[in-house]
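Structural overview for review
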Amino acid sequence: MNLLFEPFQYDFLLRSFAAAIMVGIVCSIVGCYIVVQSMAFLGDALSHAVLPGVAIAYLTGGSLTFGALVAAVVVALGISFLSDEEEIKEDTAIGIFFTAALALGVALISTIQTYAIDLTHILFGNVLGVTVEDLQFIVGVGLLVLLAVFLFYRFFLVVTFDPVMAKTLKWNVRLIRSMLLVLIACTITISINTVGASLVTAMLITPAATALMLTKKLWQTMLTAAVFGALSGFFGLYLSYFADISSGASIVLVSTLFFIVVYLRKKLLNGRSGLAKRG
Amino acid sequence: MISVQRAKIITTKSISRLIRIASRCSESLRRNVHVQRKSITIQHMNNDLQSTPMIHLKNACLGYRNDRELVLKNITIDFFPGDEVAVIGPNGAGKSTLFKTIVGLIPLMQGEVTVHGGRGGNHKDCVSYIPQKEAIDWNYPITVREVVMMGRFGKLSFYQKPGKKDIEIVNSAIQRMGVADLADRKIRDCSGGQQQRVFLARSLAQHPHILLMDEPFSAVDVATEQVILENLRQLREFKVTTLVATHDLGLVYENFERTLILNHRIVAYGLTKEVMTPENLQEAFGKKAVYV
C-alpha cells in the first residue's frame, strides 16, 4: 500500500503532478476550440514553431520557456495576418509559417554543438525536471488563459461557430481570432515542459475530442475535456513513475485510452439503440 | 410608378403603426448611451417617419477583389421600411454579392451604399443576415436554444449576461418558428428544414431593422416554407425591410409584394405582379425561362 503513495513523498514529484494536471486542464479546454474548428494542424504547427524561439533563447542565454512563448505568439499572429489575405487560406498560411519557423529553428540549432540534451527536453518534455519557477510560470500563464476563455466565452463562441454573424454584429473578428491564436500559443508554451512540443497536439486534441462525443454544449465540452485532461495528467505521470517510461508519452497514452473507451462505449450504445429501433 | 405606390402607403399609414415606430425608436434611444448617438437616432426617427430608404445604393459596383469582372455594375436602388422583396435571377447573377455588400462582408468597389443611414447599419445589430446553409459548421457542440440566444448578443454589453427579457424573447422566437420541442437538442441533430427554422428564430430574436435571407427555401419541406413565409409577413407589420434570394419563382409570385430581378444589373424592380413578366424573366434567365 505504501508503495502506491511513494511518488507523493518527494517535493519534485508533487511539483510534477501539479504541472501535469494544470497542463492537462488548460490544454483540454483551449483544445476544444481547435477540435470544433477542425484545426488540428494549427496546434501541431504552433507547437513546432516554438523551436526557433528556444534556440535563440539558448544562444543568448535567456529563458527557454520565454523564448518559446515569444516564438509561438509571433507565429500565431503571423498566421492570423497572412490568412486575412483572400488568396491565402488559413491552412496554407499555417503551413508556410510553421515550416519556415521550424527550418529557422533547425538552422539555429545546427550551429550549437552541445544541444542534444536540451533539445530532447523541448521535443519530449521532462516533467520531472519542473522547478519551482517553472511551476509558477505554468500555473500563472495557465490561469490567465482560463480567465481569458471565461471572459471572452461569448465572443469566441460566435467567432468559431458563425464568423459571418460575428461580422454582421460588427465585432472585430480578426482581433478575436488573433486573441484565440495567442491563447493557443500560450497553452502550447506551458505544455512543452510536461509533454513536449512533439506530443502537445495530442493533449490539445484528444481530451476535447473525447468530451465532444459526450456533450451538447461548448462549456460542457470544455468542463468534461478538462476532467479527462486532468485525469490523463495525473494517471499518466503516475504510470510513468512505476513503468519507468517517458512522462509525456505516458500522459498522451492515458488520454488516448480514455478516447478509445468513450468511443467504443458510444459505438456499442448506438448499435444497441439502432437495433431497438429496427426491432 | 414606384413612388406613387410609396405615397399611397404613407398616406394610408395608420396611427397605430406610427406609434409602433415611435416606440421602437425610443427603445433604440434608450440603448444608446452617448449624446451624439442620441441626436443621430432622433434624426433617424424623423427620417423613418418621412420614409427615407432603409437600404440605399447609388451607382454601386459590387464584386470581389480578385475577379476581373464586377458582379453587379452601377446599381441604384432604394429599399424602404416594411419592404418585403424577393430577389431572383440566375446563378451568379449577384444575389449573394448584393447581400454580402449590404451587410459589409465584402468591400464596396465603387459608388455608395448606406444601410439605415450608415455604412453597414446605424446600430450594432440592426442587420440580420442568414447565409446559405453551407456557410455554417454544423458539427459544433451547441444547442438550438444557444444558437437563438446569439441573436441577443448584439444588445448585451461586454460584462452583461442574458437577462430574463432576453430569455423570454428567445423562447417566443423558438415558439414562433415551431422548434420548441427541439430547443435543447444539438444543432447537428436537427434536419435541414429545422436548422433553417432555428436560424430564422435567431434573426427574430435579434429584432433587426433589416433581414437578408439567402435561399431559405432550398431543400426545406412545405411546412417549413409556410412557417418562414408566415413569419416574414409578421416582420412586415413591424416595418422590417426583408430581402429574400430564391429560385422558386412560383413561390415569389404568390407570396412577395415586391420583386427584384437581377442579372449582373437590375433587370426590373417593383411590384411582383408588374415586374414578373415573360419579357423580364426571359431577359434575366434566357430564352428557356419558365412562364409564371
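Values in this document were obtained by computation on a predicted structure and should not be read as measured data. (Residues numbered from 1 in each chain as written. Chains lettered and ligands numbered in written order. Predicted model: local features only at pLDDT ≥ 70, side-chain atom pairs only at ≥ 80, totals over all residues. Heavy atoms only, no water.)

Residue and element names in this part refer to chain B. Pairing is mixed in the open sheet, where 6 strands are placed in the order S5-S6-S7-S3-S8-S9. The outermost strands of the open sheet, each flanked by one partner alone, are strand S5 (127–130) and strand S9 (266–271). Between one strand and the next, the sheet's axes are offset by a mean angle of 15 degrees, whatever the strand orientation. Note that strand S3 (residues 84–88) and strand S8 (residues 258–262) share 4 bridges and pair parallel. Bridge pairing in S8 links Ala86 to Thr259. Strands S5 and strand S6 (210–214) of the sheet are contacted by helix H7 (residues 192–206), whose axis makes an angle of about 175 degrees with S5. (Pairing = 2+ DSSP bridges. Helix = DSSP H or I, 4+ residues; strand = E, 2+ residues; numbered from the N terminus. Axes fitted to C-alpha atoms, helices over the stretch in contact; angles between N-to-C directions. Contact = heavy atoms within 4.5 Å.)

Residue and element names in this part refer to chain B. If you look at the biggest cluster of nonpolar residues, it comprises 130 residues, and the most contacted ones within it are Val148, Phe153, Phe199 and Phe256. Phe256 has contacts with Glu84, Val85, Ala86, Phe217, Leu229, Leu232, Val244, Leu251 and Thr272, leaving out every residue within four places of it along the chain. Listed in part, the 31 residues of the second largest apolar core include Ala60, Val71, Val113 and Val115. (Core = buried A, V, L, I, M, F, W, Y, C linked by side-chain atoms within 4.5 Å. Buried < 20%, exposed > 50% of the residue type's maximum accessible area, 1.4 Å probe, protein only.)

Bringing the interface of chain A and chain B into the picture now. The partner chain B presents 34 residues to the 28 residues of chain A that form the contact. Both faces considered, chain A and chain B share a buried interface measuring about 2900 Å² in area, 59% of it formed by carbon and sulfur atoms. Area buried by chain A at its contact with chain B is led by Arg154, Phe161 and Lys216 of chain A, which between them contribute 27% of it. Applying the counting rule to chain A against chain B returns 1 salt bridge. Measuring nitrogen to oxygen at the nearest pair gives 2.6 Å for the salt bridge that ties Arg202 of chain B to Asp162 of chain A. Our count for the chain A to chain B interface comes out at 9 residue pairs in polar contact (both at pLDDT 80 or more). Each residue belonging to the side of chain A that touches chain B can be placed in one class, and the counts come to 16 nonpolar, 4 polar and 8 charged. (Buried area = accessible area lost by both parts, 1.4 Å probe. Salt bridge = Lys/Arg side-chain N within 4 Å of Asp/Glu carboxyl O. Polar contact = N/O pair within 3.5 Å; in protein donor to acceptor, adjacent residues only side chain to side chain. Nonpolar A, V, L, I, M, F, W, Y, C, P; charged D, E, K, R; others polar.)

This part is about the packing of helix H3 (residues 40–60) of chain A against helix H10 (residues 173–191) of chain A. All names here are of chain A. For the pair H3 and H10, the least separation of the axes is 10 Å and the interaxial angle reads 55 degrees. By the angle class used here, H3 and H10 are oblique. Note on packing geometry: the crossing formed by H3 with H10 is right-handed. Residue-level contacts link Leu42, Gly43, Leu46, Ser47 and Val50 of H3 to Leu181, Ile184, Ala185 and Ile188 of H10. Tallied by class, residues from the contact of H3 with H10 come to 7 nonpolar, 2 polar and no charged. (Parallel < 35°, antiparallel > 145°, perpendicular 65-115°, else oblique. Left-handed = near helix turned anticlockwise from the far one by under 90°.)

Geometric values such as these leave the question of function open.
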